[in-house]
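Structural characterization, general
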Amino acid sequence: TYSEFISIPTAARAKGIIASSIASIPLVLRDRTTGMRLDAPRVIDTPDPRLPGQATYGWTASDILLYGYAYWQITELYADTFRIRSVERISPDRVGIETNANATEITGYTVDTIRVPDSGIGSLVVFYNPGDVGVLNRAGRTIRTGAELERAAMNYAREPIPSMVLKSNGSALPADRIAKLLEQWGVARRNRTTAYLNADINLEKVGFSPDELGLNTAREHIATEISRACGIPAYFTDAPSGSSMTYSNAVTARQTLLDFSLIPICDAISQRLSMPDFTPSSQVVRHDFDVYLRGSAFERAQIYEIYNRIGVMTADEIMRKEDMAL
């Protein structure tokens, strides 16, 4: 489940990096033939007018990564073109499907068990992660193992010594006395490490310590596996992986993340927005990866100097590109 996934620090970091990175890459509208940049309709920049566009796209990218699908519900259409004007993001766990008799084709969708229209206002826009059922399904056992390890670590943090049994050497105690004894013992252990027992009570150790269980090693292994499941290099999540980010490969880290983690989800979003219910067939929506891969000021200056020298860009165009006042 999502709650199990997000309870694992490595999983939360991997999702955060992927979703926030995609949400920060601007979408641009271009002419399909000439490649000229056009003014995009509001729905491309701000799909849900009640929220910043970055929030909607961050959730959408997260849904595609984790569930394999993302859903927007149409809330408004343009009166003249009947294209989509605004939407609302719908969590995948609220959506159900209806299929044909052979369960080979989806014939309709429900939201909160209520059938939604097949088109128009109230219908769903579906984003597909091609060839992937989502991390929650594909790596379900790994995620559940990671969540259990986090719970085990919490239990050891709450009771920092190995599990134990207080054994009475005398007569049997009533249930209320036993409960009070255990409560007082737990409070005392959280406040001090030294304990006192009288002759009527013995302490017996049960179970194993974190070192004996290899808890830390198991958590490190799961952290690496979670990174693999999310398709993100382990060094991005600080998971032990046998290799770390060094100066020699840090300069290509963003390109690596883009190639292996971000582009499939970016394509799922941009190609759906390029369909006729959002934009005319002569136009196409693309992510502006130049912004994400933007180099340092010195590197950009070197490129601009070359462009200016060969006549590709003028000084005014360079200043506009760098948001400098003319």
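Quick caveat, the model's predicted, so the values are computed rather than measured. (Residues numbered from 1 in each chain as written. Predicted model: local features only at pLDDT ≥ 70, side-chain atom pairs only at ≥ 80, totals over all residues. Heavy atoms only, no water.)

Structural notes on the overall build of the protein
We apply this condition: Helix and strand definitions follow DSSP, with helices as H or I runs of at least four residues and strands as E runs of at least two, each counted in order from the N terminus. Exposed residues in this analysis have more than 50% of their type's maximum accessible area, buried residues have under 20%, and partly exposed residues fall in between, with area computed by a 1.4 Å probe over protein chains only. Contacts between residues were defined by any pair of non-hydrogen atoms, one from each residue, lying within 4.5 Å. Accessible surface area values rest on a Shrake-Rupley calculation with a 1.4 Å probe, where residue burial reflects the displayed protein chains alone.
Across its full length, the protein carries 14 helices and 11 strands. By the burial criterion, 36% of the 326 residues in the protein qualify as buried. Contacts spanning at least 24 positions in sequence make up 62% of the contacts within the protein whose residues lie at least 6 apart. Taken as a whole, the protein presents about 19400 Å² of accessible surface, with 54% of it coming from carbon and sulfur.

Considerations on the nonpolar core
Formally: Nine residue types can take part in a nonpolar core, namely buried Ala, Val, Leu, Ile, Met, Phe, Trp, Tyr and Cys, and a core is a set of them joined through side-chain atoms within 4.5 Å.
Counting residues in hydrophobic clusters, the biggest one holds 50 residues, and the most contacted among them are Val135, Leu262 and Leu273. Sequence-distant contacts of leucine 262, that is, excluding residues within four places in its chain, are made with Ile18, Ser21, Ile22, Ile25, Leu257 and Tyr292. Among the nonpolar cores identified, the runner-up in size contains eight residues, and Ile90, Val111, Val116 and Val126 belong to it.

A few points about the pattern of salt bridges
Keep this limit in mind: A carboxyl oxygen of Asp or Glu within 4 Å of a side-chain nitrogen of Lys or Arg is what we treat as a salt bridge.
Counted by the stated rule, this structure contains 12 salt bridges. Arginine 50 is paired through a salt bridge with glutamate 88; the nearest N and O atoms lie 4.0 Å apart. A residue pair is termed long-range when its members are at least 10 positions apart, and arginine 50 in the loop between α3 (42-45) and α4 (53-67) and glutamate 88 in strand β4 (residues 84-90) qualify at 38 residues. Arginine 228 serves as the salt-bridge partner of glutamate 225, at 2.4 Å between the closest nitrogen and oxygen. Linking glutamate 225 with arginine 228, this pair stays in helix α9 (residues 215-230), spanning three residues, or about one helical turn. Given the relative accessible area of 22%, glutamate 225 is considered partly exposed. Bridged by salt links that share partners, the residues Arg42, Glu76 and Arg85 form one connected network.

A word on the pairing of β4
Two faces make up the sheet, and in a regular strand the side chains alternate between them. In plain terms, the rule: Here, any two strands with at least 2 DSSP bridges between them count as paired.
Pairing of strand β3 (residues 69-77) with β4 involves six bridges; the strand directions are antiparallel. Paired with tyrosine 71 across the strands is isoleucine 90, a residue of β4. In textbook terms, the turn of a hairpin is the stretch between consecutive antiparallel strands, and for β3 and β4 this stretch comprises six residues, one of which, phenylalanine 82, has a positive phi near 60 degrees.

A short note on the sheet that holds strand β11 (residues 283-287)
Pairing is antiparallel across the open sheet formed by three strands, whose spatial order is β2-β1-β11. Single-partner strands in this sheet number two, and they are β2 (37-38) and β11. Summarising the sheet, strand β1 (residues 27-31) and β11 pair through five bridges and their orientation is antiparallel. Pairing of arginine 30 across the sheet is with valine 284, part of β11.

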